Amino acid sequence: MQEPIIIANWKMQLGIAESQELAKQIASEATDVVGTVVLCPTFAALSVVAEVEAINSQILLGAQDCYFETKGTFTSATSPAVLAELGCKYVIVGHSDRRYLFGDTNDVIQKKMRAVALNGMTPVLCVGETAEERKQGQSEDVVMEQLKTALADFPVDQPCIITYEPVWAISHGTPHVVIKEEVEPLRVLIAAYLRETNRVAPVIYGGSVVVDNVQSLVGPSAFAGALVGGASLTAKDFLGILANVRKLYAV
Ligand code: PEP
């Protein structure tokens, strides 16, 4: 059975001391985690959040983005090599904030996927349609285009995680009511494509995951985990999500 992976995306919501404090609380209280838990703080907090691995080796470090070059004259860019040096094991690539606020195209995302893998980390690729695209009946086409381009030159045997994160479902402070039937067809579509192309990669879900709905979205025959934004910003909520996931996988 594929073990679940739960990824906290703290976006630009917490300062350095706040990130350190929250990471410590999660690491000391999440004592019987099932699967993998990844914390993705803001770049400047990576080095302090990295310290939690000493408290709880099941809590791993991730970054929210990186540049696709490893070294050079790229003012303000973050090298994947530096992220690896800081202890990151995962890097989120293609988050909708990056696509729509910072202009990351499918081609840029393809390069970032490779750069992350070349530096020994696992990319967490986000794909998902906007509300307008869903209304126009384009969800499948948009998601498949994003997926196919991102994986076009990504080696089949290289680990990666695919997150179906519909843009319309992202909470931005107020969680949406997400119904399994709205998102499950896309999981099936992505999983079928991965099978056809001989890839083994977990397909997880992102967008308004909270304590009360995680069990309806994640599970051994549903999404293989979750990318959690708003509900990962307090220890109580995030630990509640981890506890509910654990129950789903109890033998
Ligand atoms: C996200 O934007 O990656 C996310 C998962 O946000 P939220 O859980 O707040 O919808």
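Structure's up top.
Reference entry: report on the structure contained in this document. Since we're looking at a predicted model, the values are computed, not measured.

**Remarks on the overall build of the protein chain**
Thought 1: When helices and strands are counted, the protein chain shows 10 helices and eight strands.
Thought 2: Whereas a compact globule of 251 residues would reach a radius of gyration of roughly 18 Å, the protein chain reaches 17 Å, a difference of no more than 12%.
Thought 3: Counting only C-alpha atoms, the protein chain reaches 50 × 45 × 35 Å along its principal axes.
Thought 4: Taken over 251 residues, the protein chain has a buried fraction of 54%.
Thought 5: Of all intrachain contacts in the protein chain linking residues separated by at least 6 positions in sequence, the fraction that spans at least 24 positions is 72%.
Thought 6: A total of about 11,300 Å² of accessible surface is found on the protein chain, and carbon and sulfur atoms cover 53% of it.

**Considering the pairing of strand β3 (residues 59–63)**
Thought 1: Burial analysis of β3 places five of its five residues in the buried class, which makes it a mostly covered element.
Thought 2: Of the two faces of β3, both are covered, the one formed by I59, L61 and A63 as well as the one formed by L60 and G62.
Thought 3: Handedness of the crossover joining β3 and strand β4 (residues 88–93) through helix α3 (residues 80–86) is recorded here as right-handed.

**What about the site of the ligand?**
Thought 1: Every residue close to the ligand is listed here: N9, K11, H95, E165, I170, S171, G207, S208, L227, V228, G229 and G230.
Thought 2: Side-chain polar atom of S171 to an oxygen atom of the ligand: 2.5 Å apart, as the coordinates give it.
Thought 3: In the complex, 99% of the free accessible area of the ligand, which totals 290 Å², lies under the protein chains.
Thought 4: A class-by-class count of the residues in the shell around the ligand yields three nonpolar, seven polar and two charged.

**Focus on the packing of helix α1 (residues 16–29) against helix α10 (residues 235–248)**
Thought 1: One can describe the packing of α1 onto α10 by two numbers: an axis separation of 10 Å at closest approach and a directional angle of 35 degrees. Here α1 and α10 pass one another in a crossing that is right-handed. Residues L22, Q25, I26 and E29 of α1 pack against A235, F238 and L239 of α10.

**Digging into the side chain of S208**
Thought 1: Of note, S208 is situated in the loop between β7 (203–206) and α9 (214–217).
Thought 2: The exposure class of S208 is buried, given its relative accessible area of 7%.
Thought 3: Of the polar contacts made by the side chain of S208, one reaches the backbone nitrogen of H176; its length is 2.8 Å.
Thought 4: Apart from the residues within four sequence positions on either side, S208 is in contact with A169, I170, S171, P175, H176, V178 and N213.

**Quick word on the pattern of salt bridges**
Thought 1: Summed over the entire model, instances satisfying the criterion amount to nine salt bridges.
Thought 2: The partner of D65 in a salt bridge is K112, and the shortest N-O contact between them spans 2.9 Å. With D65 in the loop between β3 and α3 and K112 in helix α5 (residues 106–118), this pair connects stretches of sequence that are 47 residues apart. K112 matches D65 in its accessibility class, with the two residues each being buried.
Thought 3: The partner of R98 in a salt bridge is D104, and the shortest N-O contact between them spans 3.2 Å.
Thought 4: Taking the relative accessible area as the measure of exposure, D104 reaches 9% and is therefore buried.

Calculation criteria
- Residues numbered from 1 in each chain as written.
- Predicted model: local features only at pLDDT ≥ 70, side-chain atom pairs only at ≥ 80, totals over all residues.
- Heavy atoms only, no water.
- Helix = DSSP H or I, 4+ residues; strand = E, 2+ residues; numbered from the N terminus.
- Rg over C-alpha atoms; globule rule 2.2 N^0.38 Å.
- Buried < 20%, exposed > 50% of the residue type's maximum accessible area, 1.4 Å probe, protein only.
- Contact = heavy atoms within 4.5 Å.
- Areas by Shrake-Rupley, 256 points an atom, 1.4 Å probe, with all protein chains shown as cover.
- Right-handed = clockwise from strand over helix to strand, strands pointing away.
- Near = heavy atom within 4 Å.
- Polar contact = N/O pair within 3.5 Å; in protein donor to acceptor, adjacent residues only side chain to side chain.
- Nonpolar A, V, L, I, M, F, W, Y, C, P; charged D, E, K, R; others polar.
- Axes fitted to C-alpha atoms, helices over the stretch in contact; angles between N-to-C directions.
- Left-handed = near helix turned anticlockwise from the far one by under 90°.
- Salt bridge = Lys/Arg side-chain N within 4 Å of Asp/Glu carboxyl O.

So yeah, pure geometry; function would need other evidence.
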